[in-house]
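# Structural features, examined
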Amino acid sequence: MNVLVIGAGSIGSTVVKECQGLERVENCYVLDHHDARIKELQDKYDKVRPVNDLECVLQKVELAVESASQEAVKEYGKKVLDAGADLVIMSIGALVDEQLRDALYSAAKNSRIYLPTGALCGLDAVYSASEAGVTKVTLTTRKPPKSLNMDVEETTVVFQGPAREAVKKFPKNVNVAAVLSLASAGFDNTEIKLICDPNIDQNIHEINFKGPAGELIGTSKNLPSPDNPGTSYLAALSAASTVRKICSNVWIGV
Ligand SMILES: NC(=O)c1ccc[n+]([C@@H]2O[C@H](COP(=O)([O-])OP(=O)(O)OC[C@H]3O[C@@H](n4cnc5c(N)ncnc54)[C@H](O)[C@@H]3O)[C@@H](O)[C@H]2O)c1
């Protein structure tokens, strides 16, 4: 299998490391604005190849992992799917744009789109439970002031409302809100509460779900990635484990 990794930052480099260890992956093509990031990965991992001609690479890859930005989802998503390759999207916030979402979903006729659980805990159970319907779903995110570029001395609720509004006002929180909405009640019926808490140093996400299947509560207390304090380590590991699942015959937790 040949894999294309779009974006060689915190998440992308974790995916490249995973690809290096997977027997099924033959070549790992890497695309990034910054050549130095690709070179760094090439020096570390012998499966890494730079992308000189994207059209040519798209003919060779079976799987692409977007770990770059919402702009990259717009720029490369449809091209990947039109070429017949599967696509893992990490910048899931891009899918709030209904036109883009429809275009990508329709382009995936002969391929698949994977939306990993990212920084959340329990999204798999929420998705299963939503088969029977959703009575109420809430995501409460607690972040330290530096993660929100704020300066507060007391715990402060900075936003409470539907996911559609939250992703516009707080784009940095957009991926978790977007993936939870897509897995459950949609952007208008998924409630987001964002709290700035000066007493913590982790990003904490708590899902509360109620429906005919029961009640679910999932909390992740995320430590930052070793090489990017802005990204939860769990999000990078979720991208890597998605690639491992795709490459393996046994899927755990699906
Ligand atoms: N789903 C989740 O739970 C979750 C969690 C954290 C981050 N994310 C998202 O995943 C993406 C990657 O996160 P990260 O922490 O690895 O970021 P990062 O800043 O560490 O790395 C991103 C890399 O992508 C490159 N890049 C950006 N746009 C590009 C483009 N159009 N073409 C080529 N290269 C491009 C940048 O040069 C950079 O090297 C971000 O959009 C982030 O919001 C998702």
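Just so you know, these numbers come straight off a predicted model, no measurement behind them.

## Regarding the pairing of strand β5 (residues 86–89)
Bridging between strand β4 (residues 63–66) and β5 involves four bridges; their strand directions are parallel. Across the sheet, residue L63 finds its bridge partner in β5, namely D86. Since β4 and β5 lie parallel, the crossover through helix α4 (residues 70–82) that links them has a hand, and here it is right-handed. Across two bridges, the pairing between β5 and strand β6 (residues 113–114) is parallel. Counted as the bridge partner of L87 is I113 from β6.

## Regarding the sheet that holds β4
Strands sit in the order β3-β2-β1-β4-β5-β6 across an open sheet of six strands; the sheet is parallel. Every interior strand has two partners, whereas the edge strands, β3 (48–50) and β6, have only one. Alignment of strand β1 (residues 2–6) against β4, held across four bridges, turns out to be parallel. Within the sheet, the bridge partner assigned to V3 lies in β4 and is L63.

## Some points on the packing of α4 against helix α5 (residues 98–107)
Interaxial distance between α4 and α5 falls to 8 Å at its minimum, and their mutual angle equals 20°. The angle between α4 and α5 places the two elements in the roughly parallel class. For α4 against α5, the interelement crossing comes out left-handed. Residue-level inspection shows K74, G77, K78, L81 and D82 of α4 in contact with α5, the latter providing L100, A103, L104 and A107.

## A short note on unusual backbone geometry
For residues besides glycine, phi is generally negative; the peptide bonds are generally trans as well. In this model, N149 sits at a positive phi of 55°, which is unusual for a non-glycine residue. For N149, the location among the structural elements is in the loop between β7 (136–143) and β8 (156–162).

## Examining the domain arrangement of the protein
What the domain assignment lists for the protein is domain 1 (2–115 + 233–246) and domain 2 (123–222). The interface is formed by eight residues belonging to domain 1 together with 10 residues belonging to domain 2. Residue composition of the side of domain 1 that touches domain 2, grouped by class: six nonpolar, two polar and no charged.

## So, the nonpolar core
One finds V3, V5, V30, V65, A177, L180 and A239 to be the most contacted residues of the largest nonpolar core, which totals 69 residues. Of all the elements, helix α8 (residues 174–183) adds the most residues to this core, at seven residues. Both domain 1 (2–115 + 233–246) and domain 2 (123–222) contribute no fewer than three residues apiece to this core. For A177, the residues in contact, after removing those within four places along its chain, are L139, A163, A166, V167 and I192.

## A word on the sheet that holds β8
Spatial ordering of the open sheet is given by β8-β9-β7-β10-β11, a layout of five strands whose pairing is mixed. Looking at the sheet topology across the chains shown, the edges are occupied by β8 and β11 (214–222). Strand after strand, the sheet turns through a mean of 10° between neighbouring axes, direction not considered. With six bridges joining them, β8 and strand β9 (residues 190–196) adopt antiparallel strand pairing. The partner of Q160 across the bridge, within β9, is K193.

## Examining α4
An ideal rise of 1.5 Å per residue puts 18 Å on 13 residues; α4 measures up with 19 Å between its terminal C-alpha atoms. Y76 marks the point of greatest bend in α4, at about 40°. Within the sequence span of α4, burial applies to Q70, A72, V73, Y76, G77, V80 and L81. Along its buried surface, α4 packs onto β1, α3 (54–60), β4, β5 and α5. G84 sits one or two residues past α4 and shows a positive phi near 90°.

Parameters at a glance
Residues numbered from 1 in each chain as written. Predicted model: local features only at pLDDT ≥ 70, side-chain atom pairs only at ≥ 80, totals over all residues. Pairing = 2+ DSSP bridges. Helix = DSSP H or I, 4+ residues; strand = E, 2+ residues; numbered from the N terminus. Right-handed = clockwise from strand over helix to strand, strands pointing away. Axes fitted to C-alpha atoms, helices over the stretch in contact; angles between N-to-C directions. Parallel < 35°, antiparallel > 145°, perpendicular 65-115°, else oblique. Left-handed = near helix turned anticlockwise from the far one by under 90°. Contact = placed C-beta atoms within 7 Å. Domains from an automatic or database assignment. Nonpolar A, V, L, I, M, F, W, Y, C, P; charged D, E, K, R; others polar. Core = buried A, V, L, I, M, F, W, Y, C linked by C-beta atoms within 7 Å. Buried ≥ 20, exposed ≤ 12 C-beta atoms within 10 Å, placed from the backbone. Expected span 1.5 Å × (residues − 1). Bend = angle between axes of the 7 residues up to and from the residue.

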